[in-house]
Structures are given as structure tokens and as C-alpha cells.
Amino acid sequence: MNSIVFAKRLKYWVAFAFLLLLESCGLDTFYYLDPPITDGNTPYYNTEDGVKKYFCFITNEDSSLGDNDQYFSSSSELVFLGTEVYYKIYNNYSTMLSAENAIDSLNSSSSNYAAAAENLIESRGYKPLKFSSGSFVPLVEAGSSPNNRHVYIRLSDLSKSNTEVDFQQGICISNQKMDKYYPANALMHNGHHVMPRRYINSNYGFNFGQDDNNPLPKNGDADVTYSSSSSESGSWYVDMYAVSVGRDTSYSTSYSKVLFLGSVKISESDYDD
């Protein structure tokens, strides 16, 4: 038996034993969900190359990379809903790094697989994206059968002067890896390409300071963690994670461990005239 098969079987039996324990105690049923998978590019707040300031991941649905495929069965009490992304805007990268470290510590916990997701969403107020048109909840919805998909997200245009479609803001979903914006793979709604927008207003984009539809984040915005001292005037740091999501017959939501997608610095000066 190879090590990968052994690890998957061990994970299954540990989760099964925990499920039996919870049921015998009359507690809520426990479900194990596998998290999304990295697709190779993880930007950081100090990444200077604007071309690399995009997020990407692979949904974890089919049996080749995990066990989420079992939640597509009509006999399963848990239904796999899909993969959601959450973000938060910071004006101080040290505060952001502190949050990342805390989330990573919870993500390493073997006793509560959902601890990091619950902390990220409920305690730290990370928010799902909104969109220029349509509503996608979760962002990558499960289809009728398990199918891993590659996801590409660029929150902001490379710069105000840039006219290359490759590096414009956008969301793409494909069966193949992507490192730039492909119109043929763009998320669509009613024939229009869907662009990422802020949680607080579906008209607000991430080209901070460019125009009225891209206002600077401010203290009090629901998607902002604001510090009294900023790391750099006019610069903001967007932190992002992905998580697998399911719902059982009692309509309770289950989360996987989170996948850190990275963080990008977006500066007002990028969009000056």
C-alpha cells in the first residue's frame, strides 16, 4: 500500500471514529471536507511585480485529490456546495500578518478542521466577494458531478495606463491552469464578463482611488481592518483565502480547512493620472 493511499484511508477512519463519538454523545454530526488546492502562484504583500498580483487555486471535488466526491451522492447527508473565497482589506501589513499567523495556527489544528474558517469569517470579518453582475454563492458552485476546476482572480487592473487584456481585473474558471486573464474562460452573467467587486457595494472595485466607483477603503467599512497607523500612505493590502463549503440536511454549514491564497498591495498611486 503506497503512502498516499494509506494517508487517505487513515484520514477517513479518523473522521469516521470521530463521527461515531459525536453521535454517541448526542452532539452535532461532524463532516470532514478537503480544502481547495494551491495552483502554484501565491502573491505576498511585498510582491513588486504587478503581473504576479493575482490569486489562483484548484477546487477539490473529484476523488483524485480528496474525498469531497462522496458529498455529491444523493445518499449523503452532507451536500457539497462548492468553493468560496474570502478577503479582508488592511492598511497595516503587520496587522494583516498577525491575522495570517493566527489563522495558520488554527488551520494546523487536528481537533477542529473548521476552526480556521470559523475564525476567519465569524471573528475576523473576512467577506466574500461581490460581482459587477450576478450573484455567485459560493463563487465556484458544485456541478452535478465532481469536477476539479482552476480558478484565477485578479482584483485590480495592473495600472491605469495598462491596456493589456491579460492583466485586467477579472475572474476566470477553467479545466486548465491560468496565469493571466483569458476572456474565453471568464466568469459570465447574462452575456457579460463578471468583475470582482467589494462586499460593501457591488459597484465598488479594487482600483483604489481611480474614480467614484473605486473609492479608497476607510475606517468603518465592513471589509476593512483599519489601524491607527498605516504602513504606507495611500497603500492597502488585500488578504484572501479559499475554503470548501457543504451543508447538511439540518441546513448547518460545514467548512474545510482554509487555503491561503496570498495577499496583494494595491496603491492609490497605481491609478493616478
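Every value quoted in this text rests on a predicted model; they were computed, and no experiment measured them.

Conventions and cut-offs
- The written sequence of each chain sets the order in which its residues are numbered from 1.
- pLDDT decides what is reported in this predicted model: residues at 70 or higher carry local features, side-chain atom pairs at 80 or more are listed and counted, and totals for whole chains, interfaces and linings draw on all residues regardless.
- Hydrogens and water are ignored here; the side-chain numbers use all heavy atoms of the structure.
- Centre distance within 6.5 Å is the pairing criterion for rings of Phe, Tyr and Trp, where only the six-membered ring of Trp is used; planes under 30 degrees apart are then read as stacked, over 60 as edge-to-face, and the remainder as tilted.
- Counting from the N terminus, the helices are the DSSP runs of H or I reaching at least four residues and the strands are the DSSP runs of E reaching at least two.
- Categorising residues by exposure relies on relative accessible area from a 1.4 Å probe, with only protein chains included: less than 20% of the type maximum marks a residue as buried, more than 50% marks it as exposed, and the intermediate range marks it as partly exposed.
- Working rule: Lys NZ or Arg CZ, within 6 Å of ring centre, within 35 degrees of ring normal, means a charge sits over the ring.
- Here a salt bridge means any side-chain nitrogen of Lys or Arg lying within 4 Å of a carboxyl oxygen belonging to Asp or Glu.
- What we call a nonpolar core is a set of buried Ala, Val, Leu, Ile, Met, Phe, Trp, Tyr and Cys residues that are connected through their side-chain atoms within 4.5 Å.

Caption draft 1: Spatial organisation of the packing of aromatic side chains. Applying the stated rule across the entire model yields 15 aromatic pairs. Summarising the aromatic geometry, the rings of Y126 and Y241 are spaced 5.8 Å apart at their centres and angled 75° between planes, so their arrangement reads as edge-to-face. Here Y126 is found in the loop between α3 (115-123) and β4 (127-128), whereas its partner Y241 is found in strand β13 (residues 235-248), with 115 residues between them in sequence. By relative accessible area, Y126 is classed as buried at 1%. Residue classification places Y241 among the buried residues on the basis of a relative accessible area of 3%. Relative to F136, the ring of F131 lies with its centre 5.2 Å away and its plane at 85°, an arrangement referred to as edge-to-face. Here F131 and F136 have matching classes, each one buried. Put simply, the rings of Y44, Y90, Y126, Y241 and F260 pair up and form one aromatic cluster. In this structure, K130 packs its charged tip against the face of Y199, placed 5.6 Å from the ring centre.

Caption draft 2: View of the pattern of salt bridges. One pass over the full model with this rule turns up 7 salt bridges. Its salt-bridge partner being R198, residue D223 comes within 2.8 Å of it at the nearest N-O pair. Taken together, the residues span a long stretch of sequence, with D223 in the loop between β11 (196-197) and β12 (224-225) and R198 in the loop between β11 and β12 at a distance of 25 residues. Under the relative-accessibility criterion, D223 is labelled buried at 0%. Its relative accessible area of 0% is what places R198 among the buried residues. The network of salt bridges with common partners includes R198, K218, D221 and D223.

Caption draft 3: Representation of the nonpolar core. Judged by nonpolar contacts, the single largest core of 28 residues is most densely connected at F57, V85, L129, I153, F206, V238 and M240. Of all hydrophobic cores here, the second largest spans 17 residues; its members include Y90, M96, I103 and Y126.

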